[in-house]
Amino acid sequence: MILSEINIQKLINTAKVMVADNKGLLAMDESYPTCNKRFAKLGIPETAELRRDYREMIVTTAGLNESISGAILFDETVHQHLKDGSSFIKILTDNRIIPGIKVDGGTVAMAGHPGEKITEGLDNLRDRLTEYARMGLRFAKWRAVITIGKGIPTQACIEANAHALTRYAALCQEVGIVPIVEPEVLMDGDHTMECCFEVTEQVLHTVFNQLYTQGIILEGMILKPNMIVPGLSCSKQESIDEIADATVKCLLRTVPAAVPGIAFLSGGQSSELASARLNAMNVRFKNKLPWELSFSFGRAIQQPALGIWHGKEKNVPEAQKALYHRAVCNHAARQGEYNIYMERE
Ligand code: 13P
């Protein structure tokens, strides 16, 4: 890829800061349907104003920047404003939290491949990214979804998704935006941890093969993978340490040392388990790995706060306390210093 030295350095610097100081990323980029689904479950009205209120609650949490280096926003949010009139991008930037943006268009059924999904959103992406860069957004996210089931995933689905992820990554780097490359192997199902390992290994090999083929600057990207876990309904659920070991083993086999950081998604794990598993990886492997092991959690940071907030202004202080707590727990997990007693304070 033809990028100037200045732009390459800018990408590398941003990617480094995203995973520096044991901080991590906060995913608050739920699309309309996903955010509405989570609101509906709690009986919160599914309106643009309440989505705005909710996200204002998140970004005005005092001290969030002690644990959070960057926040992933949704397009709707970057066009909204806080009650005081400032933009979400400005408040984050003023608080030294790097603003990022989800740019994929969500998943649809993959033609000819029952049960499998492909992520949309490449059309006009160059123009959208140029505008986002102008607005001050410095990194982006694209999520590909791989489902484990009978006869799936197919190599066709893995390759198509890896190709799209890489075309997105190239367009990001062209305008100086750091791509978060997120190939998520879903936890749904009764498959074993070994099965998750094999599929994730295959997916990551395919993704990095594409990233290499298309000339992506590995130093200027962040990988956002799933942890290696058994399916949610698998009868055998491995221990926290076994999951930590399997996850690191899989990543060592597949992720080049040039990548500065790996920021896990939580994928439906409970908040406590996501922190405990990240913590175990850092207890066992911190400073022995070529990349930082960090977090880019959505639900595992937000879920308790969303339940407390419940769409009501009067609940904002308590909700912010819960959000701050989860951020602190994950900051500790990055240092191998999280423990269950933190949950009882
Ligand atoms: P979860 O941590 O809730 O899986 O969300 C992370 C994310 O950004 C998914 O794309």
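Residues numbered from 1 in each chain as written. Predicted model: local features only at pLDDT ≥ 70, side-chain atom pairs only at ≥ 80, totals over all residues. Heavy atoms only, no water.

**With respect to the pattern of salt bridges**
Put simply, the rule is: Salt-bridge detection follows one rule: a side-chain nitrogen of Lys or Arg within 4 Å of a carboxyl oxygen of Asp or Glu. Strands here are runs of E lasting at least two residues and helices are runs of H or I lasting at least four, both read from the DSSP assignment and numbered beginning at the N terminus. Burial classification: accessible surface area is computed with a 1.4 Å probe over protein chains only, and a residue below 20% of its type maximum counts as buried, one above 50% as exposed, and the rest as partly exposed.
Under the counting rule described, the total for this entry stands at 23 salt bridges. Between aspartate 29 and lysine 141 there is a salt bridge, and its shortest N-O distance comes to 2.7 Å. With aspartate 29 in the loop between strand 1 (24-27) and helix 2 (32-41) and lysine 141 in strand 6 (residues 139-146), this pair connects stretches of sequence that are 112 residues apart. Note on aspartate 29: relative accessible area 4%, which makes it buried. Assessed through its relative accessible area of 6%, lysine 141 is described here as buried. For glutamate 292, the salt bridge is made with lysine 286, and the minimal N-O distance between the two is 3.9 Å.

**Description of the environment of glycine 43**
If you trace the backbone, glycine 43 turns up in the loop between helix 2 and helix 3 (48-59). Along the backbone, glycine 43 and histidine 310 are 267 residues apart, and their C-alpha atoms lie at a distance of 7.9 Å.

**With respect to the site of the ligand**
This is how the line gets drawn: By convention in this text, a residue qualifies as near a molecule or strand provided that one of its non-hydrogen atoms is within 4 Å of it. N or O atoms within 3.5 Å of each other form a polar contact, as long as, within protein, one can give a hydrogen and the other can take it, and as long as residues adjacent in sequence are counted only when both atoms are side-chain atoms. Surface exposure here means Shrake-Rupley accessible area, sampled with a 1.4 Å probe, where a residue is shielded only by the protein chains that are shown. Polar here means any residue outside two lists: the nonpolar Ala, Val, Leu, Ile, Met, Phe, Trp, Tyr, Cys and Pro, and the charged Asp, Glu, Lys and Arg; Gly therefore counts as polar.
As a structural note, the neighbourhood of the ligand is formed by 13 residues, with Lys141, Lys224, Ser266, Gly267 and Arg299 the closest of them. Glutamate 182 is positioned with one of its side-chain polar atoms (N or O) 2.9 Å from an oxygen atom of the ligand. One of the side-chain nitrogen or oxygen atoms of serine 266 is found 2.4 Å away from an oxygen atom of the ligand. Across the complex, the protein chains shield 93% of the 300 Å² of accessible surface that the ligand would expose by itself. Listing elements by their share of the shell around the ligand, those giving two or more residues are strand 6 and strand 10 (292-297). A breakdown of the residues in the shell around the ligand according to their chemical character gives 3 nonpolar, 4 polar and 6 charged.

**Some remarks on the confidence of the model for the protein chain**
Keep in mind that low pLDDT regions are not for reading the predicted coordinates in detail. Put simply, the rule reads: A residue's pLDDT is the confidence the predictor assigns to it, expressed on a 0 to 100 scale.
For the protein chain, per-residue confidence averages 97 on the pLDDT scale, and residues scoring 70 or more make up 99% of the total. Looking across the protein chain, the model is least confident in helix 1 (residues 5-18), with a mean pLDDT of 95, and most confident in strand 8 (residues 222-223), with 99.

**Description of the sheet that holds strand 10**
Quick note on the threshold: We call two strands paired when DSSP finds no fewer than two bridges between them. Contacts: residue pairs with any heavy atoms within 4.5 Å of one another. Lines are fitted to the C-alpha atoms to define the axes, a helix being fitted only along its stretch in contact, and any angle between axes, read from their N-to-C directions, falls within 0 to 180 degrees.
The strand order around the closed barrel built from 8 strands is 1-2-3-6-7-8-9-10, with neighbouring strands paired in parallel fashion. Two elements, strand 2 (residues 68-73) and strand 3 (residues 98-102), share 4 bridges in a ladder whose sense is parallel. Bridge assignment links isoleucine 72 to a residue of strand 3, and that residue is glycine 100. Across the sheet, helix 7 (residues 155-174) lies against strand 6 and strand 7 (178-185), angled at about 175° from strand 6, the strand it touches most.

**Considerations on the side chain of arginine 334**
Looking at the secondary structure, you find arginine 334 in helix 12 (residues 316-334). Discounting residues that sit within four places of it in the chain, arginine 334 has contacts with Val19, Ala20, Asn22, Lys23, Leu278, Asn282, Lys286, Glu292, Leu293, Ser294 and Phe295.

**Digging into unusual backbone geometry**
Cis geometry marks the peptide bond from isoleucine 152 to proline 153; its omega dihedral reads 10°. You will see that aspartate 21, though not glycine, has its phi angle at about 55°, which is positive. Structurally, aspartate 21 is set in the loop between helix 1 and strand 1. Phi angles above zero are rare outside glycine, and asparagine 287 is one such case at about 70°. If you trace the backbone, asparagine 287 turns up in the loop between helix 10 (271-285) and strand 10.

**Comments concerning the packing of aromatic side chains**
So the rule is basically this: Side-chain rings of Phe, Tyr and Trp, where Trp is taken by its six-membered ring, are said to pair if the distance between their centres is within 6.5 Å; with planes under 30 degrees apart they count as stacked, over 60 as edge-to-face, and otherwise as tilted.
Evaluation of the coordinates by the stated rule reveals 6 aromatic pairs. Considering the side-chain rings of tyrosine 32 and phenylalanine 74, the 5.1 Å spacing of their centres and the 85° angle between planes classify their relative orientation as edge-to-face. A residue pair is termed long-range when its members are at least 10 positions apart, and tyrosine 32 in helix 2 and phenylalanine 74 in the loop between strand 2 and helix 4 (75-78) qualify at 42 residues. When the ring of phenylalanine 295 is compared with that of phenylalanine 297, the centres are 5.6 Å apart and the planes differ by 35°; the resulting orientation is tilted.

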